[in-house]
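Fold and geometry: a report
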Amino acid sequence: MSLLSHFCRRIRLTGPINVGALMQDVIMDPKHGYYPQAARIGHKGDFITAPELTPVFGEIIGAWSLLYWQQAKLPPNIHFMELGPGKGTLMRDVMDTVGIIGPAFFGKAPKLSASLIEISEQFIAEQERLLCGNIMKRVTPE
């Protein structure tokens, strides 16, 4: 059954659907959705984001985070959260920058942790490879 057939059948059975439900199916339908069908990000992909072009965006966020870390009197931890992180490139650049600049300017760096909120199994696997290999704690919503 095509995605169009799926929507026609669903509308016949349950009536109109809202845009949120439509987008959820278009993005995540196991057979026809964008993400389960190997979404591609990057120069040869369907779209490209700033972190895929240059690390500068992540470096700026990392430096900005350290400014606020300093203003908060250098607490021992910083926890980052990113929604829809794709390959994890932005988070890598942010954390790399904090790890380099923290010791250089403050004599120490905070302990870093991150939560990446992602629905694509493909991107979750890429994030695991890019960011932390086997040390990533994976939490799956119930």
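Details of the structure are given in the entry above.
Residues numbered from 1 in each chain as written. Predicted model: local features only at pLDDT ≥ 70, side-chain atom pairs only at ≥ 80, totals over all residues. Heavy atoms only, no water.

**Remarks on the packing of helix α1 (residues 3–14) against helix α2 (residues 19–28)**
Selection rule: What counts as an axis is a line fitted to C-alpha atoms, over the stretch in contact for a helix, and the angles between N-to-C directions run from 0 to 180 degrees. Under the scheme used here, helices are H or I runs from DSSP no shorter than 4 residues and strands are E runs no shorter than 2 residues, and both carry numbers assigned from the N terminus. Reported orientations rely on four angle classes, namely roughly parallel under 35 degrees, roughly antiparallel over 145, roughly perpendicular from 65 to 115, and oblique for the rest. Handedness of a crossing follows from how the near helix is turned relative to the far one, being left-handed for an anticlockwise turn of less than a right angle and right-handed for a clockwise one. Residues count as neighbours in contact if any of their non-hydrogen atoms are within 4.5 Å of one another.
At a minimum axis separation of 11 Å, α1 and α2 run at an interaxial angle of 150 degrees. In terms of orientation, α1 lies roughly antiparallel with respect to α2. Crossing handedness for the pair α1 and α2: right-handed. In this structure, α1 contributes Leu 3, His 6, Phe 7 and Arg 10 to the contact, and α2 contributes Ala 21, Leu 22, Asp 25 and Val 26.

**With respect to the side chain of Glu 82**
Inclusion rule: Categorising residues by exposure relies on relative accessible area from a 1.4 Å probe, with only protein chains included: less than 20% of the type maximum marks a residue as buried, more than 50% marks it as exposed, and the intermediate range marks it as partly exposed. Neither His nor the chain ends contribute to the count of charged residues, in which Lys and Arg are positive and Asp and Glu negative. Think of a salt bridge as a Lys or Arg side-chain nitrogen and an Asp or Glu carboxyl oxygen that are within 4 Å of each other.
Looking at the secondary structure, you find Glu 82 in strand β1 (residues 77–83). Buried charged residue Glu 82 carries no salt bridge. Nearest counter-charge: Arg 92, at 10 Å. Filtering out sequence-adjacent residues up to four positions away, Glu 82 remains in contact with Leu 90, Met 91, Ser 115, Leu 116 and Ile 117.

**Thoughts on α1**
One turn of the α-helix equals 3.6 residues, which is why residues spaced by three or four share an orientation. Applicable threshold: One less than the residue count of a helix, multiplied by 1.5 Å, gives the span that helix is expected to have.
The end-to-end C-alpha distance of α1, which contains 12 residues, comes to 16 Å, matching closely the 16 Å that a straight helix rising 1.5 Å per residue would cover. After α1 finishes, the residue Gly 15 shows a positive phi value of roughly 90 degrees.

**A look at the nonpolar core**
The condition is simple: Note on terminology: a nonpolar core comprises buried Ala, Val, Leu, Ile, Met, Phe, Trp, Tyr and Cys residues joined through side-chain atoms within 4.5 Å.
Formed by Leu 66, Trp 69, Ile 78, Phe 80, Leu 90, Met 91, Val 94, Val 98 and Leu 116, the largest nonpolar core amounts to nine residues. Those elements giving two or more residues to this core turn out to be α4 (56–71), β1 and α5 (89–106). Not counting the four nearest positions on each side in its chain, Val 94 is found in contact with Gly 58, Ile 61, Gly 62 and Phe 80.

**Regarding the pairing of strand β2 (residues 111–117)**
Using the following cut-off: Strands qualify as paired when DSSP identifies two bridges or more between them. A clockwise course of the path from the first strand over the helix to the second, judged with the strands pointing away from the viewer, identifies a crossover as right-handed.
Looking at chain direction, β1 and β2 are connected through seven bridges and run parallel. When the sheet's bridge partners are listed, Asn 77 is paired in β2 with Lys 111. Crossover β1 to β2 through α5 is right-handed.

**A short note on the pattern of salt bridges**
Across all of its chains, the model carries three salt bridges by this definition. For Arg 10, the salt bridge is made with Asp 25, and the minimal N-O distance between the two is 2.5 Å. Residue Arg 10 is located in helix α1, and its partner Asp 25 is located in helix α2; the two are separated by 15 residues in the primary sequence. The exposure class assigned to Arg 10 is partly exposed, which follows from its relative accessible area of 25%.

**Regarding the packing of α4 against α5**
Running from N to C, α4 and α5 point in directions that differ by 45 degrees, and their axes come no closer than 7 Å. For the element pair α4 / α5, the angle class is oblique. For the element pair α4 and α5, the recorded crossing hand is right-handed. Taken together, the residues of α5 that come into contact with α4 (itself represented by Phe 57, Gly 58, Glu 59, Ile 61, Gly 62, Ala 63, Leu 66, Trp 69 and Gln 70) are Leu 90, Asp 93, Val 94, Thr 97, Val 98, Ile 101, Gly 102 and Phe 106.

**Here's the deal with the environment of Glu 52**
Threshold: As used in this structure description, the phrase polar contact means that two N or O atoms lie within 3.5 Å; if the pair is within protein, one of them must be able to donate a hydrogen and the other to accept it, and residues adjacent in sequence are counted only when both atoms belong to side chains.
Topologically, Glu 52 is positioned in helix α3 (residues 50–53). Ignoring anything within four residues of it in the chain, the contact list for Glu 52 reads Ile 41, His 43, Lys 87 and Thr 89. Here Thr 89 takes part through its side chain, which lies 2.7 Å from a polar atom of the side chain of Glu 52.

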